[in-house]
Amino acid sequence: MGDHTHGWAAAPGAAERVRSVLAAAWSCTVTAEGTREELVGAHTVMEDGRVLLDVPEDGALLDAAIRAPRGEPSAVLEFADVAPVPVRHRVRSRVWLAGRCSVEGGRLALRPTRVVLRRSSGALTVGSDEFAAAAPDPLAGAEARLLTHLADCHADAVGRLTRLVDPARLQGAVRVRPLAVDRHGLTLRIEHARTDRDVRLPFHAPADDVSQLTERMHVLLSQAAASCPRPLQRQRADGDG
């Protein structure tokens, strides 16, 4: 896909965030009629928003979901959005999907009727139609690899990017780490002795793939190079807090 700016925003919407969490998550917790199980590598999200789960055919979870009272949500799925880079408070957000289940091709299929996204700023309810129509961020599947590479191999670049941050937010900072990246921008976690703050550096245009992301990052670094140096007062490499 080519570069485009129409409809561009500095951050993804709630429905896109939810779809991105589900696309990147490797595990989820399923609760159905008193039965609670952790499933690993067992969920698939369809384009229309249905979530398919691979569960044992003779398991309690499948039986509980199907036997739920008619007209009520028969299962709740919980997903945790965990930062791939070690930082304090690594869970960036949580997603809950509630809905009725059916069996499709031997798998448990949940069609969400209620979708909730909880972040540090609070909880948001996402409409089921909005969720079904949304698509995950195109970088969601590569985010873990991209952020880990940035943190492990380009710590100097992360340091240079702090030149784009308000100096007041860097006062007393002990460490800065890349927290998240999506097509709209890069988020840095600024850790202080007892608190932390997140700062978002928006791209000048959305990135639809890794090659475009590389160009967007180079633009940010060029902007940082043109800014007055604002070195951190001190950096601490010991521990993750």
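Residues numbered from 1 in each chain as written. Predicted model: local features only at pLDDT ≥ 70, side-chain atom pairs only at ≥ 80, totals over all residues. Heavy atoms only, no water.

Asks: Outline the packing of aromatic side chains, supporting the account with residue identities and numerical values.
Replies: Evaluation of the coordinates by the stated rule reveals zero aromatic pairs. Above the plane of the ring of Phe 131 lies Arg 19, whose end atom (NZ or CZ) is 5.0 Å from the centre. (Phe/Tyr/Trp six-rings, centres within 6.5 Å; stacked < 30°, edge-to-face > 60°. Lys NZ or Arg CZ within 6 Å of the ring centre and 35° of its normal.)

Asks: If you had to explain the sheet that holds strand 11 (residues 196-202) to someone new, which residues and values would you point to?
Replies: Pairing between the strands of a sheet comes from backbone hydrogen bonds, and it takes one of two forms, parallel or antiparallel. Read across the open sheet, the three strands follow the order 9-10-11; overall the sheet is antiparallel. Unpaired on one side and paired on the other, strand 9 (175-182) and strand 11 mark the two borders of the sheet. Adjacent strand axes in the sheet meet at a mean angle of 25°, parallel and antiparallel pairs treated alike. Those strands touched by helix 4 (residues 143-153) are strand 9 and strand 10 (185-191), and its axis lies near 155° from that of strand 9. (Pairing = 2+ DSSP bridges. Helix = DSSP H or I, 4+ residues; strand = E, 2+ residues; numbered from the N terminus. Axes fitted to C-alpha atoms, helices over the stretch in contact; angles between N-to-C directions. Contact = heavy atoms within 4.5 Å.)

Asks: I'd like a rundown of the side chain of Ser 20, residues and numbers included.
Replies: Residue position: Ser 20 is located in helix 1 (residues 14-24). Ser 20 sits in the buried class, given a relative accessible area of 13%. Among the polar contacts made by the side chain of Ser 20, one reaches the main-chain carbonyl oxygen of Glu 16 at a distance of 2.8 Å. (Buried < 20%, exposed > 50% of the residue type's maximum accessible area, 1.4 Å probe, protein only. Polar contact = N/O pair within 3.5 Å; in protein donor to acceptor, adjacent residues only side chain to side chain.)

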